[in-house]
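# Summary of the model geometry
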Number of protein chains: 2
Amino acid sequence: MSDEKAFLSSYRAKDYPRPSVAVDLVILTIIDAQLRVLLVKRREHPFKGQWALPGGFVRVGESAIEQGEDLDDAARRELQEETGLDPERVFLEQLYTFGKAGRDPRMRVVTVAYYALVRPDLAPFVKAGGDVSDVEWFDVSVLDKLELAFDHHDIVEMALTRIRGKLEYTNIAFDLVPATFTIPELRHVYGIVLGKPMDPGNFRRSFNRWLEEGRLEQAPGKRITTSKPAAVYRFKR
Amino acid sequence: MSDEKAFLSSYRAKDYPRPSVAVDLVILTIIDAQLRVLLVKRREHPFKGQWALPGGFVRVGESAIEQGEDLDDAARRELQEETGLDPERVFLEQLYTFGKAGRDPRMRVVTVAYYALVRPDLAPFVKAGGDVSDVEWFDVSVLDKLELAFDHHDIVEMALTRIRGKLEYTNIAFDLVPATFTIPELRHVYGIVLGKPMDPGNFRRSFNRWLEEGRLEQAPGKRITTSKPAAVYRFKR
DNA sequence: TAAATAGTGTCTATGAGACATTATGTA
DNA sequence: TACATAATGTCTCATAGACACTATTTA
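Every value quoted in this text rests on a predicted model; they were computed, and no experiment measured them. By convention here, each chain's residues receive numbers from 1 onward along its written sequence. Lettering of chains starts at A and numbering of ligands starts at 1, both following the order in which they are written. Only residues with pLDDT of at least 70 get local features here, since the model is predicted, and only at 80 or more are side-chain atom pairs given and counted; chain-wide, interface and lining totals rely on the full set of residues. The basis for the side-chain values is all heavy atoms of the structure; hydrogens and waters are excluded.

## What about the relation of the copies chain A and chain B?
Worth spelling out the cut-off: A residue counts toward the fit only if its pLDDT is at least 70 in both copies, and the copies are then superposed by least squares on the C-alpha atoms of those residues. Note on contacts: a residue pair is in contact if any heavy atoms of the two residues lie within 4.5 Å.
Placing chain A over chain B gives an RMSD of 0.0 Å and needs a rotation angle of 180 degrees, together with 0.0 Å of translation along the axis. The symmetry that links the two subunits is that of a two-fold axis. Mapped onto chain B, 100% of the interface residues of chain A are again interface residues, and the two copies thus contact each other with one and the same surface.

The structure is reproduced here in structure tokens:
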């Protein structure tokens, strides 16, 4: 098809205005028995001094050959840059794309939102990085009282709705506990995310089904507590 | 905050390269007892002459004040332009955003995919429009043999996965039948979308639950067939 | 009357919710 | 021994799948 080749080589992108494209991250973990989201304090206008989701612009190449980074790669890069976390050890998935006109006062910005689940044993290692002055894990239940930049409140809201739904029919809770965990510990994760405690007996029943299905296995040792120790489990593979 | 005002008025978008942003539509309906997707034949390079999803670029304003159309509006506009369908009468929802580098050979294009469900009684009115030479409803089961432009095959695949999942816990099947319908008709929709026939008795049981919940009501008249006529229903509100 | 399909009923397996009970560790 | 909590068991109810059966229309 030299016809097409000729077309491509002669092609000049028409100069219609284009939006900026960003990725924003709803990074969640559990600390002190509370579901928390990572926010960064903005050092620049607009919304200077307000809390916002970590994120940044997608790197786009100039040419048709070199087009820049994939969206997923941009999300992983921002995660790495702004938190220092290893993207390989964090659950990361696209959430929704927010692109209303006027959502950024500077210019048209379309943002592809992702949500990430960080194991609580990794959360303490998060450190401020990139062009960020301050980073903090906020209890999601206090966000109502907090003014977030842009439409980031909506984005967090959708992320919470999403993970609550997915908790019921996927394995994502496994990304909110350490590598090994007890049944009550996993049960608490469900309770915290869903906002209501789970029945111990009924939860154990589901848990045992997962065991039989081979998604979990018992790990050596016991978890020592102030009363009866609990058996320890881990995810298979 | 005159500080912020001053910033905004002096702000000049940095001249990093930006991607083009498009919307693509997976428009589905049921014709002749088959789930079908609307494809258009491309008249221009790249992929000239191949079938593709209808779609187009999002209109973006030049200034910070006039930023152009919302993503959802762009999807509705394209739906209207390329099919002639009234967006008010079609179910339309964002699906996923595809933005791999290189997915368009001309330049970096990030496309926000939507899926639409068209009632079969409206489907025949679809007409070629916009910059499209040909429009056709394809049985989704023959798409394997068809070479689609760009990554549109992946997009259709994801749309099908999505609606099959949503069929189980939402009302979207209601957007794939005419305004009034019989129980067997709605049952066939489920069978067609899911790819396996539903048991008449069990389906009727679910249907009756929806009736009791007030999501449906009986409509006057009967559907005349070649054997026993069936009662006719419609959605409430 | 036969064919076709609308519509009903039944049996069983499964899973969720509520809750009582037992087991095993620590203080 | 008292206490805390891990772990087990039981009862009930809602729902899904498989499938037998009845009802009502047309040809």
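So, next bit.
## Some thoughts on the sheet that holds strand 10 (residues 230-235) of chain A
Residue and element names in this part refer to chain A. Note the threshold: Strand pairing requires that DSSP identify at least two bridges connecting the strands. Under the scheme used here, helices are H or I runs from DSSP no shorter than 4 residues and strands are E runs no shorter than 2 residues, and both carry numbers assigned from the N terminus. Axis angles are defined between N-to-C directions and span 0 to 180 degrees, where every axis is a line fitted to C-alpha atoms and, for a helix, only to the segment in contact.
Strand order in the open sheet formed by 3 strands is 8-10-9, with antiparallel pairing between adjacent strands. The outermost strands of the open sheet, each flanked by one partner alone, are strand 8 (180-181) and strand 9 (216-223). As paired strands, strand 9 and strand 10 are joined by 6 bridges and run antiparallel to one another. Along strand 10, the bridge assignment pairs Q218 with Y233. Strands in contact with helix 5 (residues 200-213) are strand 8, strand 9 and strand 10; relative to strand 9, the strand with the most contacts, it is inclined by about 120 degrees.

## Examining the packing of helix 3 (residues 152-169) of chain B against helix 4 (residues 183-194) of chain B
Geometrically, a packed helix pair is captured by the angle between its two axes and the distance between the axes. Residues and elements named next belong to chain B. Applied cut-off: Whether a crossing is left-handed or right-handed is set by the direction in which the near helix is turned from the far one by less than a right angle, anticlockwise for left-handed and clockwise for right-handed. Residue classes follow a fixed rule: Ala, Val, Leu, Ile, Met, Phe, Trp, Tyr, Cys and Pro count as nonpolar, while Asp, Glu, Lys and Arg count as charged, and any other residue, Gly among them, counts as polar.
At a minimum axis separation of 10 Å, helix 3 and helix 4 run at an interaxial angle of 145 degrees. When the axes of helix 3 and helix 4 are compared, the crossing they make is left-handed. Seen from helix 3, the contacting residues are I163, R164, L167 and E168; seen from helix 4, they are Y190, V193 and L194. Classifying every residue of the contact of helix 3 with helix 4 by side-chain character gives 5 nonpolar, no polar and 2 charged.

## Looking at the protein's contact with DNA strand C
What counts is decided by this rule: For this description, a residue counts as near a given molecule or strand if any of its non-hydrogen atoms is within 4 Å of it. Polar contact is defined as a pair of N or O atoms within 3.5 Å, subject to the rule that within protein one atom must be able to donate a hydrogen and the other to accept it, and that residues adjacent in sequence are counted only when both atoms are side-chain atoms.
Among the 19 residues in the neighbourhood of DNA strand C, the closest are listed as D199, N202, R205 and R209 of chain A together with S227 of chain B. The sugar-phosphate share of atoms of DNA strand C within 4 Å of the protein amounts to 59%. One of the side-chain nitrogen or oxygen atoms of R209 of chain A is found 2.4 Å away from a phosphate oxygen of DNA strand C. R204 of chain B is positioned such that a nitrogen or oxygen atom in its side chain is 3.3 Å from a phosphate oxygen of DNA strand C.

## Some remarks on helix 5 (residues 200-213) of chain B
Residues and elements named next belong to chain B. We apply this condition: Residue count minus one, scaled by 1.5 Å, sets the expected span of a helix.
With 14 residues, helix 5 should cover 20 Å at 1.5 Å per step; its first-to-last C-alpha distance of 20 Å lies within 8% of that length. Capping of helix 5 at its N-terminal end is provided by D199; its side-chain oxygen lies 3.0 Å from the backbone amide nitrogen of G201. Looking at the residues trailing helix 5, positive phi occurs at G214, about 85 degrees.

## Digging into the domain arrangement of chain A
Residue and element names in this part refer to chain A. Cut-off, in case you're wondering: Note that domain bounds follow an automatic or database assignment of domains. Put simply, buried area is the surface a 1.4 Å probe can reach on two separate parts but cannot reach once they are joined, added for both. Any Lys or Arg side-chain nitrogen found within 4 Å of a carboxyl oxygen on Asp or Glu counts as a salt bridge.
Examined at the domain level, chain A breaks down into domain 1 (17-169) and domain 2 (178-235). In this structure, domain 1 and domain 2 have C-alpha centres spaced 29 Å apart. Together, the buried faces of domain 1 and domain 2 total about 810 Å²; carbon and sulfur atoms form 77% of this surface. Looking at the side of domain 1 facing domain 2, the largest losses of area belong to I30, R164 and L167, adding up to 54% of the total buried there. For the pair domain 1 and domain 2, the interface holds 0 salt bridges. Linking domain 1 with domain 2 are 1 residue pair in polar contact (both at pLDDT 80 or more), by the criterion used here. When contributions to the side of domain 1 that touches domain 2 are tallied by element, the ones reaching two or more residues are strand 2 (34-41) and helix 3 (152-169). Counting residues per element, the side of domain 1 that touches domain 2 draws most heavily on helix 3, at 4 residues. A breakdown of the residues in the side of domain 1 that touches domain 2 according to their chemical character gives 6 nonpolar, 1 polar and 4 charged.

## A look at the packing of aromatic side chains
Note the cut-off: Working definition: rings of Phe, Tyr and Trp (its six-membered ring) pair if their centres are within 6.5 Å, and the pair is stacked with planes under 30 degrees apart, edge-to-face with planes over 60 apart, and tilted otherwise. Burial here depends on accessible area, computed with a 1.4 Å probe over protein chains only, as a share of the maximum for the residue type. Under 20% is buried, over 50% is exposed, and the range in between is partly exposed.
Inspection of every chain in the model, using the stated rule, returns 24 aromatic pairs over all chains. Pairing F203 of chain A with W210 of chain A gives two aromatic rings, centres 6.2 Å apart and planes at 90 degrees, and the pair type is edge-to-face. Just as F203 of chain A is buried, W210 of chain A falls in that class too. Note on W51 of chain B and F138 of chain B: the rings are 4.8 Å apart at their centroids and 70 degrees apart in plane angle, and the pair reads as edge-to-face. Remark: F138 of chain B occurs in strand 7 (residues 135-139) and W51 of chain B occurs in strand 3 (residues 51-52); sequence separation between them is 87 residues.

## Some words on the pattern of salt bridges
Counted according to the given criterion, the structure contains 24 salt bridges over all chains. In this structure, the salt-bridge partner of R77 of chain A is E78 of chain A, at a minimum N-O distance of 3.2 Å. A relative accessible area of 14% places R77 of chain A in the buried class. Between R223 of chain B and E185 of chain B there is a salt bridge, with its nearest N and O atoms 2.8 Å apart. Placement of R223 of chain B in strand 9 (residues 216-223) and of E185 of chain B in helix 4 is noted, with a sequence separation of 38 residues between them. The exposure class assigned to R223 of chain B is partly exposed, which follows from its relative accessible area of 25%.

## Things to note about the packing of helix 4 of chain B against helix 5 of chain B
Residue and element names in this part refer to chain B. Worth spelling out the cut-off: By definition in this entry, angles of less than 35 degrees are roughly parallel, angles greater than 145 are roughly antiparallel, angles of 65 to 115 are roughly perpendicular, and the rest are oblique.
It is at 10 Å that the axes of helix 4 and helix 5 come closest, and there the two elements cross at 110 degrees. As judged from the angle between their axes, helix 4 and helix 5 are roughly perpendicular. Across the interface between the two elements, I183, L186, R187 and Y190 of helix 4 pack against P200, F203, R204, F207 and W210 of helix 5. Residue composition of the contact of helix 4 with helix 5, by class: 7 nonpolar, no polar and 2 charged.

## Structural notes on the protein's contact with DNA strand D
The environment of DNA strand D is formed by 19 residues, the closest being S227 of chain A together with N202, R205, R209 and P229 of chain B. Atoms of DNA strand D within 4 Å of the protein: sugar and phosphate make up 56%, bases the balance. At 3.1 Å from a phosphate oxygen of DNA strand D is found a main-chain nitrogen or oxygen belonging to A231 of chain A. Here T226 of chain B contributes a backbone N or O atom positioned 3.4 Å from a sugar or linking oxygen of DNA strand D.

## Observations concerning the environment of A230 of chain B
All names here are of chain B. Here A230 lies in strand 10 (residues 230-235). Judged by its relative accessible area of 17%, A230 is buried. On a C-alpha basis, the gap between A230 and T182 in space is 6.2 Å, while along the polypeptide they are 48 residues apart. In this structure A230 touches T182, K222 and R223, once residues within four positions along its chain are discounted.

## Observations regarding the sheet that holds strand 8 (residues 180-181) of chain B
Residues and elements named next belong to chain B. With antiparallel pairing, the 3 strands of this open sheet are ordered in space as 8-10-9. Where the open sheet ends on each side, the last strands, each with one partner, are strand 8 and strand 9. Packed onto the sheet, helix 5 meets strand 8, strand 9 and strand 10 and runs at close to 120 degrees relative to strand 9.

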